[in-house]
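Results of the structural survey
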Amino acid sequence: MCIRDRVSTQSTWDIQYLRDLMGFKRFVQAGRVAYINYGVDHGKVCVIVEVINSTRVLVDGPTLGVPRQVISLRRLALTDHLLKVAKGIHTKALEIVIKKNDLVKKIGESSWAKKLASQKRRAELNDFERFQVMMLKRQKAYLVNKDIAQSHGAKPKKVSAKKPKESKQQSNMKPITITYLHIRK
Amino acid sequence: FFFLMIRRPPRSTQGVSSAASDVYKRQVSTQSTWDFQWCQRRSMGKESKSQFSLKKVKQYILVGRAKPVAGQKEEPKVYRMRVFAPNTVIAKSKFWTLMRKQKKIKHTGGELIAIHEVIENPSKSVKVYGIVLRYQSRTGYHNMYKEYRDTNICGAMSQMYMDMAGRHRAREETIHIVRTCVVPESKIKRAETKSFTNGNVKFPLLNRISRPPIKKFKAFARAKRPTLFLQQNNSDS
């Protein structure tokens, strides 16, 4: 019998076991914020409103662009965020809770969202910007290799790549900070 | 006059069922669903593109009667039936099968007055559906009462068919639906349904395999084995 069956039919003792001994922190529950990984709404964030069964949940995202719908748990990735809502909460009430908790802002600040944003930026680069990135990478590699060659046995240090002196595109470029692991001989 | 009969609200099911005597017998569809125009309007309603309910069957209402015979004093009685079927063809077939068995009216001697699809509102809340069914196994007939959590009756029906096929090897043709209803929380019979109806239900997601968001990006071969513990214990989302 898998853990999932035990969880659904037995007492909270199992939840404690899962949380404290097994180290699970994120649970499928009413109010859990989740990313949608697959399907029409992929990339969006939603709130689990009600658990239907061990494979499907009712999900809603009023200000997040997700219509109220049934979705498979296979399509979801749970986050740390948990809203305090009663199961089956209506869309309008959920919207108020989301606003109150400033969920949109919190999600924007998470590293996942930042990674998504940088991926999107990378995809949007034009040819010149890609050239700039290439030059920066080359510079970075030079600095890194130089540092390695110079400091056998010394502590690693943070190196910042020098930005080329360009005009407008520069504001769009993200500063590259390089930390590298000291390669032992 | 026959249309007047069609618009009459649904009567409660006749007789007592020993299998589901405790179960609340209210029909899922309200009076307005018997209205043909209402059905039409509903069918043009918006449904989210990514609705995930299983859609093996649709709900139909069929109305039919025996063909009137010359010299008959009374008009033949009109019968209405609620059928769950994947399409209208099978729905009609099921209707006439029942008419033949119960009312001795054959397809050739009868006429179908109306067939409407009953479309429920898109999912807003999760309900527990109780289904009383009768199915034929390899050795005999059996009655069953099953409960399913779903947002609409067709989804629950689809679950039932899949469940019956998986657990009892009963195919769709051998299953007859006796009664369906929405079960209030206090009357839920099955432990699993009860546990999920509990507001405090929670469980972690285990054995997670990440997959690309679009089927197009699915790789035929990968260099690395999948990591199954993604998105579990990270302190940052």
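Description of the structure in this document. The structure displayed is predicted, hence computed values, not measured ones.

Before going further, it helps to examine the overall build of chain A. Of regular secondary structure, chain A possesses six helices and seven strands. Secondary structure elements of chain A, listed N to C terminal, follow the sequence α-α-β-β-β-β-β-α-α-α-α-β-β. When the 185 residues of chain A are sorted by exposure, 41% land in the buried category. Taken as a whole, chain A presents about 11300 Å² of accessible surface, with 55% of it coming from carbon and sulfur.

A contiguous nonpolar surface patch, about 270 Å² in accessible area, is contributed by F128(A), F131(A) and M134(A). Assignment of secondary structure puts F128(A) in helix α6 (residues 127–150).

The next point concerns the pattern of salt bridges. As enumerated under the stated definition, the model contains 16 salt bridges over all chains in all. In this structure, R68(A) and D60(A) form a salt bridge, with 3.0 Å as the shortest nitrogen-oxygen distance. Like D60(A), R68(A) is buried. One connected set of salt bridges, linked through shared partners, spans E50(A), K87(A), R149(B) and E185(B).

Right, let's talk about the sheet that holds strand β2 (residues 78–85) of chain B for a bit. For sheets, the rule is that strands pair by backbone hydrogen bonds, running either parallel or antiparallel. Residue and element names in this part refer to chain B. Read across the open sheet, the three strands follow the order β2-β1-β3; overall the sheet is antiparallel. For this open sheet the edge positions go to β2 and β3 (110–118), each flanked by a neighbour on one side alone. Pairwise comparison of adjacent strand axes, ignoring direction, gives a mean angle of 25° for this sheet. Along the sheet, helix α4 (residues 153–168) contacts β1 (58–66) and β2; its crossing angle with β2, the most-contacted strand, is approximately 65°.

This part covers the sheet that holds strand β4 (residues 127–136) of chain B. Residues and elements named next belong to chain B. The strand order across the open sheet formed by three strands is β5-β4-β6, and the pairing between neighbours is antiparallel. Looking at strand neighbours, the two that pair on one side only are β5 (141–150) and β6 (175–183), the edges of this open sheet. The sheet shows a mean angle of 20° between the axes of neighbouring strands, taken without regard to direction. Bridging between β4 and β6 involves eight bridges; their strand directions are antiparallel. Each residue of the ladder has a partner; that of Y129, found in β6, is V182. On the sheet, α4 packs against β4, β5 and β6 and is oriented at approximately 130° with respect to β5.

V33(A), V47(A), L83(A), L94(A), I98(A) and L103(A) are the most contacted members of the largest nonpolar core, which has 19 residues in total. The contacts of V33(A), once residues within four sequence positions are left out, are V45(A), C46(A), V47(A), L78(A), T79(A), H81(A), L83(A), L103(A) and I107(A).

Right, let's get into the side chain of S72(A). Residues and elements named next belong to chain A. Mapped onto the fold, S72 is located in strand β4 (residues 66–72). You can call S72 buried: its relative accessible area is 8%. Here the side chain of S72 touches R74 through a polar contact of 3.1 Å, landing on its backbone nitrogen.

Time to look at unusual backbone geometry. A positive phi angle is found at D102(A), which is not glycine, with a value near 55°. Positive phi values are uncommon outside glycine, yet N207(B) reaches one of about 55°. For N207(B), the location among the structural elements is in the segment after α5 (191–197).

What counts, and at which threshold
- Position numbers for residues start from 1 in each chain and track the written sequence from start to end.
- Chains carry letters and ligands carry numbers; both start at the beginning, A for chains and 1 for ligands, and go up in the order they are written.
- At least 70 in pLDDT is required for a residue's local features to be given in this predicted model, at least 80 for side-chain atom pairs to be given and counted, and no such filter applies to totals for whole chains, interfaces and linings, which use all residues.
- Working from all heavy atoms in the structure, the side-chain values ignore hydrogens and water.
- Labels follow the DSSP assignment, with helices taken as runs of H or I lasting at least four residues and strands as runs of E lasting at least two, numbered in each case from the N terminus.
- Residue exposure (1.4 Å probe, protein chains only): buried if accessible area is under 20% of the type maximum, exposed if over 50%, otherwise partly exposed.
- A 1.4 Å probe and the Shrake-Rupley method give the accessible areas. Residues count as covered only by the protein chains that appear here.
- Exposure above 30% relative accessible area and no salt bridge define the residues that can form patches, which grow by joining like charges within 9 Å and nonpolar side chains of Val, Leu, Ile, Met, Phe, Trp and Tyr within 5 Å.
- A side-chain nitrogen of Lys or Arg and a carboxyl oxygen of Asp or Glu constitute a salt bridge if their distance falls within 4 Å.
- When DSSP locates at least two bridges between a pair of strands, those strands are taken to pair.
- Every axis in this analysis is a line fitted to C-alpha atoms, fitted for helices over the stretch in contact. Angles between the N-to-C directions lie between 0 and 180 degrees.
- Note on definitions: a residue-residue contact is assigned when non-hydrogen atoms from the two residues lie within 4.5 Å.
- We define the nonpolar core as a collection of buried residues of types Ala, Val, Leu, Ile, Met, Phe, Trp, Tyr and Cys that are connected through side-chain atoms lying within 4.5 Å of one another.
- Polar contacts here mean pairs of N or O atoms no more than 3.5 Å apart (in protein, one a potential hydrogen donor and the other a potential acceptor; neighbouring residues in sequence count only if both atoms are side-chain atoms).

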